[in-house]
Amino acid sequence: VTGKGMTPPQKTLFPPEKISMDWRQKRRPGAGLYNLGSTCYLNVILQCLTYTPPLANYLLSRQHSRFCDQQGFCMMCIMEDHVRKVLYSSATAIRPRAVIRDLKCKRFQVLQQVFFPSVKGELLTSFLVIGEFKPDIPGDAYEFLRCTLNAMHRACLSGSSDLDTSSQETSIIHEIFGGFLRSRVTCLSCKTVFDFFKVFLDVLLKIKGASSLTTALEDFVKPKEVDGKKFFKCSKCKKKVAASKVVTVHHAPRVLTVCLGRADHRSSRKLSQVVEYPEYLDLRPYTSDPAGEPILYSLYAVVVHTGHTCLGGHFFCYTKASNGQWYKMNDVSVDSCAIHTVLGQQAYLLFYAR
């Protein structure tokens, strides 16, 4: 077996042993969030991140802002202020104006470096400002989650851009949300096995034909043929060959974020079937070592999308507060609910904590 993509870090930015997975303080649920146009997609992600225990513990400690020397926009500082306002406010709802204001101005920098690193110039900036995350235009919660985590991760790297890639992946964001996927490719000609490793902050699952999260995960790790236009170039055979590929979770994250892909790209319609998901999940069967000890997760947040297409509709979420109670958070409203209500939703995003 030859491997590629898992180089040990030369430096650790945040010591993983300092991460606290349990709430350090227990309190009532915080404030709801005003919808400032068409910002429900933004509100649900802010709420889910606010109720992510290890992230909230870190943000409430103000460890970042006390040492931050970044000039201007800093997503970590913005999130620190936001989480404190939500959890400590006596108001029933607050306006997330700072998040909207700064992301509206700066989001193209994040998107450009994540998705379009080779594209330069005003054309890209104009496209992203017009097409992405404007308060009066509906956006996608999953896309906003990915951009927000990347913006927070980049804020952690301020002054550390000269670090090797593996060291950069030891930020607090990667220590909480990050894991490794292993792609094991077997050449069907010479039978040589190649391992490739890739960092992930979330897992996108295909749900067409899937009745449950477990069946979608089983399909995710099922061996697949690599042929046709996607021939694999075998370094031993020195040519493109047919191959088989198996993707597994090689290193499980502390917080597992799953997107149930509801966009049917062939028909441009939304896949609206109910996909059952458990309150407690064992990730072990979907890892590179499926025979090991269980890797147990507990559900703490669910994002739901209503509407007939993925381009419009409405987002709301369910979160588990530090007091152990579940709440439905629908913009300004925050209402307690039972776990059976949470588990009966047409979920879009699922958040699980180890």
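See above for the structure.
Keep in mind that this is a model prediction, so the values were computed, not measured.

**Q** Quick question: what am I supposed to make of the overall build of the protein here?
**A** Secondary structure summary: the protein contains 10 helices and 19 strands in total. A total of 354 residues make up the protein; the buried ones form 50% of that total. Within the protein, contacts between residues at least 6 apart in sequence are counted, and of these 68% link residues at least 24 apart. Put simply, the protein shows about 17500 Å² of open surface, and 52% of that area lies on carbon and sulfur atoms.

**Q** I keep staring at the layout of surface pockets and nothing clicks. Help me out?
**A** Where empty space is left can be seen by rolling a probe of water-molecule size over the atoms. Taken as a whole, the largest pocket spans an internal volume of roughly 1400 Å³. Around the largest pocket, the lining is made up of 37 residues, and of these Arg146, Leu181, Lys198, Val199 and Phe200 lie nearest the centre. Considering each element in turn, the lining of the largest pocket owes the most residues, six residues, to helix α6 (residues 141-156). Of the residues in the lining of the largest pocket, the class split is 17 nonpolar, seven polar and 13 charged.

**Q** Looking at this structure, I do not really get the pattern of salt bridges. What am I missing?
**A** When the charged atoms of two side chains with opposite charge come close together, those side chains can pair. A full pass over the atoms with the stated rule returns four salt bridges. Between Asp195 and Arg184 there is a salt bridge whose closest N-O contact spans 2.8 Å. Note that Asp195 is positioned in strand β5 (residues 193-200) and Arg184 in strand β4 (residues 179-187), a separation of 11 residues in sequence. One salt bridge in this structure joins Lys222 and Asp219, with 3.3 Å as the shortest N-O distance. Using a relative accessible area of 44% as the deciding quantity, one classes Lys222 as partly exposed.

**Q** Can you walk me through the packing of aromatic side chains in this structure?
**A** How two aromatic rings sit relative to each other is given by the distance of their centres and the angle of their planes. Inspection of every chain in the model, using the stated rule, returns seven aromatic pairs. Summarising the aromatic geometry, the rings of Tyr41 and Phe144 are spaced 5.8 Å apart at their centres and angled 90 degrees between planes, so their arrangement reads as edge-to-face. Of this pair, Tyr41 sits in helix α1 (residues 40-50) while Phe144 sits in helix α6, and the two are 103 residues apart along the sequence. Exposure class is identical for Tyr41 and Phe144. Each is buried. Members of the aromatic cluster, each reached through a chain of ring pairs, are Phe194, Phe196 and Phe232. The ring of Tyr34 has Arg95 lying over it, and the distance from NZ or CZ to the ring centre is 4.0 Å. Positioned above the aromatic ring of Phe316, the side-chain terminus of Lys328 is 4.7 Å from the ring centre.

**Q** Looking at this structure, how should I read the pairing of strand β6 (residues 203-206)?
**A** Working note: regular strand, side chains alternate between the two faces of the sheet. Only one face of β6 is buried: it carries Val203 and Leu205, and the other face, with Leu204 and Lys206, is open. The pairing of β6 with strand β11 (residues 255-261) spans four bridges and is parallel. What sits directly across from Val203, in β11, is Val258.

The rules behind these values
- Residues numbered from 1 in each chain as written.
- Predicted model: local features only at pLDDT ≥ 70, side-chain atom pairs only at ≥ 80, totals over all residues.
- Heavy atoms only, no water.
- Helix = DSSP H or I, 4+ residues; strand = E, 2+ residues; numbered from the N terminus.
- Buried < 20%, exposed > 50% of the residue type's maximum accessible area, 1.4 Å probe, protein only.
- Contact = heavy atoms within 4.5 Å.
- Areas by Shrake-Rupley, 256 points an atom, 1.4 Å probe, with all protein chains shown as cover.
- 1 Å grid on protein atoms, 1.4 Å probe; cavity = no way out; pocket = protein on both sides within 12 Å on 5 of 7 lines; lining within 4 Å.
- Points joined across faces, edges and corners; volume = space filled by probe spheres on them.
- Nonpolar A, V, L, I, M, F, W, Y, C, P; charged D, E, K, R; others polar.
- Salt bridge = Lys/Arg side-chain N within 4 Å of Asp/Glu carboxyl O.
- Phe/Tyr/Trp six-rings, centres within 6.5 Å; stacked < 30°, edge-to-face > 60°.
- Lys NZ or Arg CZ within 6 Å of the ring centre and 35° of its normal.
- Pairing = 2+ DSSP bridges.

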